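Overview (structure and organization)
Here is how the chains run, residue by residue.
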Amino acid sequence: MSGSIVFLGPPASGKGTQGRRLAEDLGLAYLSTGALLRREVRDGSSLGGRAKTYLDSGEYVPDEVMVPMVLEWVSRQASDWLLDGFPRTLRQAMVLDDELDVEVRAIILEVGEAELRRRVSGRLECVDCHRVAKAGEKELCVACGGRLVPREDDSVESFENRLAEYQRLVLPAIDYYRERERAVLVDGLAPPDVVYDRVLKAVAVDVVI
Ligand code: ADP
């Protein structure tokens, strides 16, 4: 058993791509909190209504909304799981520890700002399965056939806000895991397969790829 994992990293660092693949290979339940929120907004739910203004501007959704939502999801999982994009604040990290019997491990993807800005321009996401499209994929998702669309929050302004929020709020959460020796830093500046190899080494598991 690999145990449950949280995946952190700045916007466009590849959390979704790497996290989803790792969850699949390790048989972990997978939740991207960002994708879940975008779906709620698209579906016009009351949660979506509360989250929309934050998502549009690139601000983080308040802990009061995020924490119960994620704890509820976690409580429904029969297996270990991987969270992509949670915790994003020190409080979220602490609550997760308080509520769980086991200690999660944190994988932190590190990518410099210039590369993040390059990646975010023009990226496409599937409206149905929320996969980020690979280079060369156009219009339809190769995994599920859904439409590929730009993310509304990938505008320059929203991206810069998310990066600022990351530095202000997520870095303290990362320090929390580092101080407890539960964080592994992974250099995310390489093609996806190379980064994935590093991720596997970080969790110290053998997966045949
Ligand atoms: P990115 O990492 O590129 O910003 P995500 O899909 O992970 O993309 O998140 C998109 C947005 O969803 C965030 O900017 C934030 O507004 C919201 N969000 C996702 N997870 C959280 C969280 N744990 N706490 C607060 N807001 C969140």
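Analysis parameters
Residues numbered from 1 in each chain as written. Predicted model: local features only at pLDDT ≥ 70, side-chain atom pairs only at ≥ 80, totals over all residues. Heavy atoms only, no water. Core = buried A, V, L, I, M, F, W, Y, C linked by side-chain atoms within 4.5 Å. Buried < 20%, exposed > 50% of the residue type's maximum accessible area, 1.4 Å probe, protein only. Helix = DSSP H or I, 4+ residues; strand = E, 2+ residues; numbered from the N terminus. Contact = heavy atoms within 4.5 Å. Near = heavy atom within 4 Å. Polar contact = N/O pair within 3.5 Å; in protein donor to acceptor, adjacent residues only side chain to side chain. Areas by Shrake-Rupley, 256 points an atom, 1.4 Å probe, with all protein chains shown as cover.

1. Some points on the nonpolar core
Among soluble globular proteins, nonpolar side chains are generally buried collectively. Of all hydrophobic cores here, the largest spans 32 residues; its most connected members are Val6, Trp81, Leu83, Leu96 and Tyr177. Looking at this core, the elements with two or more residues in it are β1 (5-8), β2 (29-32), α3 (46-57), α4 (63-75), β3 (81-84), α5 (90-99), β4 (105-110) and α7 (156-179). With seven residues, the single largest contributor to this core is α4. When neighbours within four sequence positions are excluded, Leu83 is seen to be in contact with Ile5, Val6, Phe7, Leu31, Val70, Trp73 and Leu96. Membership of the second largest hydrophobic core comes to 17 residues, among which are Val195, Tyr196, Val199 and Leu200.

2. A few points about the site of the ligand
Taken together, 20 residues lie near the ligand, and Lys15, Thr33, Glu59, Arg88 and Arg162 sit nearest. One nitrogen or oxygen atom from the side chain of Lys15 is found 2.4 Å from an oxygen atom belonging to the ligand. Val61 is positioned such that a nitrogen or oxygen atom in its backbone is 3.0 Å from a nitrogen atom of the ligand. Alone, the ligand offers 550 Å² of accessible surface; in the complex the protein occludes 98% of this. The biggest single contributor to the shell around the ligand is helix α2 (residues 33-43), with four residues.

Coordinates in, geometry out; function isn't part of it.
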